[in-house]
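# Secondary and tertiary structure notes
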Amino acid sequence: MKKMYANLMLVSVTIIWGGGFIATAGALDSVSPFYVMMIRFMGASILPIMISFPKLKRLNRKDIKHGIIAGVFLFFAFAFQTFGLQYSTPSKNAFLTATNVVFVPYLLWLLWKRKPNRKEIIASIVCLFGIALLTLKKEAMMLTYGDLLSLICALFFALHIIALERYSAHIDAIAMTAMQMLTAGILSTICALCFEAPPASWNASAIGNIAYLIFVSTLLAYLIQTYAQKFTTANTASLILSMEALFASIFSFLILHEVMSVQMIIGAVFIFASILYIEYQPKKTIKKQQI
């Protein structure tokens, strides 16, 4: 597959996740955070486990370990994001979560000595500036305890993106998705049973939101991401996936009728510009020598 098609698949993931912000907010009205995560990940693990069960049985210990590592990163990313949201504003949480675009190139440098080039650094900074314009307001510039949790969440999302780049190329995408979902689901179940009370009641809205989170925002989105990252880089993936904040704002405007300001539109332009910049490859002119 061409890298361009893989990147377009990642764009579809950000669109799905943009709708997931609204679904998550709706689900949390009736269900506590760890129970949402438990239902989301355990529900999303069933189908890929059934489909890839023969392949899962043939995986060696190293491949299983890689799938578990990716699942652990995913669990901690969502856990810190959820608790960060309880002590911060949604806009700051979305912005700080998206700072993984800055973490990724430097983590690659720290862990595997893959030094980021000038283009990657410029693109990540431009993207971060665009996300700030899109999500932050003047009164939200001071960092709080919740903001610190959101930054830790961004670190784990960056580690998850890097793990998929390194491990997914050698493992079937459905099997890798199954291991990630099951690992995150088991950890979420342990935390839900230990720290939270089960939901007292369910309404139709909560069931619909949970269904979207299971089958679309989790199962479909992470299956696409896992497969697409076989054919693109972690740096490019992190930039594209940062568009989640953009589509969350668009869906909030269309569905929840929130205001889309000029500042937010400019921020969206900067995000798009950073992705186009990192992907632009000027054609080299080849001079033919006459004999």
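Residues numbered from 1 in each chain as written. Predicted model: local features only at pLDDT ≥ 70, side-chain atom pairs only at ≥ 80, totals over all residues. Heavy atoms only, no water.

### Brief notes about the overall build of the chain
- Counting secondary structure elements, the chain contains twelve helices and zero strands.
- Seen in sequence order, the chain has helices and strands lined up from the N terminus as α-α-α-α-α-α-α-α-α-α-α-α.
- In terms of overall dimensions, the chain has C-alpha extents of about 80 × 55 × 35 Å along its principal axes.
- Relative to its 291 residues, the chain shows a buried fraction of 50%.
- Residue pairs in contact within the chain that sit at least 24 positions apart in sequence constitute 92% of those at least 6 positions apart.
- Working note: accessible area of the chain is about 15000 Å², and carbon and sulfur atoms make up 70% of it.
- One finds the centroid of the 23 positive side-chain charges in the chain at a distance of 15 Å from the centroid of its 11 negative side-chain charges. (Helix = DSSP H or I, 4+ residues; strand = E, 2+ residues; numbered from the N terminus. Buried < 20%, exposed > 50% of the residue type's maximum accessible area, 1.4 Å probe, protein only. Contact = heavy atoms within 4.5 Å. Areas by Shrake-Rupley, 256 points an atom, 1.4 Å probe, with all protein chains shown as cover. Lys, Arg positive; Asp, Glu negative; His and termini not counted. Charge placed at Lys NZ, Arg CZ, Asp CG, Glu CD.)

### What about the state of the cysteines?
- Within this structure, the stated rule accounts for zero disulfides.
- Here Cys-127 is not disulfide-linked; the sulfur of Cys-153 is the nearest cysteine sulfur, at 15 Å.
- You can call Cys-153 buried: its relative accessible area is 0%. (Disulfide = S-S within 2.5 Å.)

### Some details on helix H5 (residues 100-112)
- Over its 13 residues, H5 extends 17 Å from the first C-alpha to the last, a length consistent with the 18 Å expected when each residue adds 1.5 Å.
- Tyr-106 marks where H5 bends most, by close to 25°. (Expected span 1.5 Å × (residues − 1). Bend = angle between axes of the 7 residues up to and from the residue.)

### Quick look at the packing of helix H7 (residues 145-167) against helix H10 (residues 234-241)
- Interhelical geometry of H7 versus H10 gives an angle of 135° and a closest axis separation of 9 Å. When the interaxial angle is binned, H7 and H10 end up oblique. Note on packing geometry: the crossing formed by H7 with H10 is right-handed. The segment H7 lies against H10, with Ile-161, Ile-162 and Glu-165 engaging Ala-234, Ala-237, Ser-238 and Leu-241.
- For the contact of H7 with H10, the per-class residue count stands at five nonpolar, one polar and one charged. (Axes fitted to C-alpha atoms, helices over the stretch in contact; angles between N-to-C directions. Parallel < 35°, antiparallel > 145°, perpendicular 65-115°, else oblique. Left-handed = near helix turned anticlockwise from the far one by under 90°. Nonpolar A, V, L, I, M, F, W, Y, C, P; charged D, E, K, R; others polar.)

### So, unusual backbone geometry
- At Lys-113, a residue that is not glycine, the phi angle is positive and equals roughly 60°.
- Relative to the elements of secondary structure, Lys-113 occurs in the loop between H5 and helix H6 (118-135).

### Concerning the pattern of salt bridges
- Applying the stated criterion across every chain, the model contains two salt bridges.
- Of the charged contacts in the structure, one is a salt bridge between Lys-55 and Asp-172, with a shortest N-O distance of 3.1 Å. Taken as a pair, Lys-55 in helix H2 (residues 33-58) and Asp-172 in the loop between H7 and helix H8 (173-195) lie far apart in primary sequence, 117 residues in all.
- Since its relative accessible area comes to 39%, Lys-55 is described here as partly exposed.
- Here Arg-114 ties to Glu-165 by a salt bridge, and the two come within 3.2 Å at their closest N and O atoms. Remark: Glu-165 occurs in helix H7 and Arg-114 occurs in the loop between H5 and H6; sequence separation between them is 51 residues. (Salt bridge = Lys/Arg side-chain N within 4 Å of Asp/Glu carboxyl O.)

### Considerations on helix H3 (residues 61-86)
- In a regular helix each residue adds 1.5 Å, so 26 residues correspond to 38 Å; H3 covers 38 Å between its end C-alpha atoms and thus fits that length.
- For H3, the side-chain oxygen to backbone nitrogen distance between the N-cap and Lys-62 is 3.1 Å, and the N-cap itself is Asn-60. (Polar contact = N/O pair within 3.5 Å; in protein donor to acceptor, adjacent residues only side chain to side chain.)

### Brief notes about the confidence of the model for the chain
- Here the chain shows a mean pLDDT of 85. Residues at 70 or above account for 90%.
- By mean pLDDT, the top-scoring element of the chain is H8 (96), and the lowest-scoring one is helix H4 (residues 90-97) (71).
- Throughout residues 285-291 the model reports pLDDT below 50, and contacts reaching past four residues in sequence, or to other chains, amount to zero contacts. (pLDDT = per-residue confidence, 0-100.)

### As for the side chain of Thr-177
- Inspection of the secondary structure assignment puts Thr-177 in helix H8.
- A distance of 2.8 Å separates the side chain of Thr-177 from the backbone oxygen of Ala-173, its partner in a polar contact.
- In this structure Thr-177 touches Leu-219, Tyr-222, Leu-223 and Thr-226, once residues within four positions along its chain are discounted.

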